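Structural characterization, general
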Amino acid sequence: MGVIKKVKRGYREKLIISGKYAEIEVTPVFVTKRGKKMNIEDKAILKSKEISKKQKEAIRKKNARAYAKRRKKEFTRIAHCNFTENDYVIHLTYANENRPGSIEEAEKEARNYIRRLNYRRKKKGLEDIKYMIVTEYGESEKGLKNIHHHMILNGGLTRDEVEEAWSKKGKRIGYVNARRLQFSPDTGLKDLCYYMLKNPIGKKKWKGSKNLKKPIIEINYYKWSARKVKNMIRNGIDNKSEWERLYNNELDFKGAKHEHNEYLGDLLYAQFVKKE
């Protein structure tokens, strides 16, 4: 790993605030002589001639797994920024006679459903819907199978109104079930969001309304040193009082993880909930 030895090691702290939930990511960075900062997935490392093909492939695989995990985290963070216990999760399916023949048809049906919801909201003097929707399906020799949607949407309409909108000409398109969001005290909507972005056979993606709020992200290159990281690991990664002291006791510590990366070193991850 000659490319790593030629640069100065440091640590970057990323503070992510998503509604009342907060996360801390402490990751190694490497500063070249020209002052360029390289993070854990920097392409300059992969292009280095001083790393073997086997090492490069291992880094690519780690990055692929990290991307899938990051996508779920980002989805969860956006949900935490925009939704509360007064909002809904809804599952939408198709009866056999209404089953779409393509993913484009299914997405069009979902857009029409959203338009019907907005029409109902407008009649009640409400703003346009705020939503995150996942379209899930598998593939077979006969085409798409088990196509359905999972959706998180804001309140304002009743549960009956939300469910009745999954209809055309007075007839239900398929099975529909809406319920109020339930938050875990420690992890919020994580379980639901990870379920929505699980990895079944087939393809999956999500879309959201344009009025979604994004997490607040703060970057700090000076808060953590190599010694500070080592001390946190040695003293116990789940040291609640130490983590809370670092953040002025404004955050309620919920858990932390330590991972050692073969190529770059130690990574820390901690979860918090804002204190009332």
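Refer to the preceding data block for the structure.
Counting starts from 1 at the beginning of each chain's written sequence and moves along it residue by residue. In view of the model being predicted, local features appear only for residues whose pLDDT reaches at least 70, and side-chain atom pairs are presented and counted only at 80 or more, with totals across whole chains, interfaces and linings using the full set of residues. Calculated side-chain values reflect all of the structure's heavy atoms, with hydrogen atoms and water omitted.

Pairs were defined over the aromatic rings of Phe, Tyr and Trp, the Trp ring being its six-membered one, requiring ring centres within 6.5 Å. Orientation was assigned from the angle between planes: stacked under 30 degrees, edge-to-face over 60, tilted for the rest. All chains considered together, the criterion is met by eight aromatic pairs. Aromatic side chains Tyr94 and Trp166 sit 5.4 Å apart centroid to centroid with 70° between the ring planes, which places their arrangement in the edge-to-face category. Note that Tyr94 is positioned in the loop between strand E4 (88-92) and helix H4 (103-123) and Trp166 in the loop between helix H5 (159-164) and strand E7 (167-168), a separation of 72 residues in sequence. Judged by its relative accessible area of 5%, Tyr94 falls in the buried class. On the numbers, 5.7 Å between centres and 65° between planes, the contact of Tyr247 with Phe272 is edge-to-face. Taken together, the residues span a long stretch of sequence, with Tyr247 in the loop between helix H8 (240-246) and strand E12 (251-261) and Phe272 in strand E13 (residues 265-274) at a distance of 25 residues. Like Tyr247, the residue Phe272 is buried in the burial classification. The ring of Tyr194 has Lys190 sitting right over it, with the charged end atom 5.3 Å from the ring centre. It is Lys228 that lies over the ring of Trp224; its NZ or CZ is 5.3 Å from the centre. Every helix listed is a DSSP run of H or I at least four residues long, and every strand listed is a run of E at least two residues long, numbered separately from the N terminus. Relative accessibility decides the category of a residue: with a 1.4 Å probe and only protein chains considered, values under 20% of the type maximum give buried, values over 50% give exposed, and everything between is partly exposed. Throughout this description, the term charge over a ring refers to an Arg CZ or Lys NZ atom that lies within 6 Å of the ring centre and within 35 degrees of the ring normal.

Counting residues in hydrophobic clusters, the biggest one holds 24 residues, and the most contacted among them are Ile90, Tyr113, Leu117, Met151, Leu153 and Val162. Elements represented by at least two residues in this core include exactly E4, H4, strand E5 (131-140), strand E6 (143-153) and strand E9 (176-180). It only takes one pair of heavy atoms within 4.5 Å for two residues to be counted as in contact. If near-sequence neighbours (up to four positions away) are discounted, Tyr113 is found in contact with Ile90, Leu92, Met151, Val162, Ala165 and Trp166. We call a set of buried residues a nonpolar core when its members are Ala, Val, Leu, Ile, Met, Phe, Trp, Tyr or Cys and they connect through side-chain atoms within 4.5 Å of each other. Within the second largest apolar cluster, 19 residues are counted, among which are Ile17, Leu246, Ala256 and Ala270.

Turning our eyes to something else, we now look at the side chain of Asn154. Relative to the elements of secondary structure, Asn154 occurs in the loop between E6 and H5. Taking relative accessible area as the criterion, Asn154 reaches 16% and is therefore assigned buried. For Asn154, the residues in contact, after removing those within four places along its chain, are Phe83, Asp87, Tyr88, Arg121, Asp128, Ile129 and Lys130.

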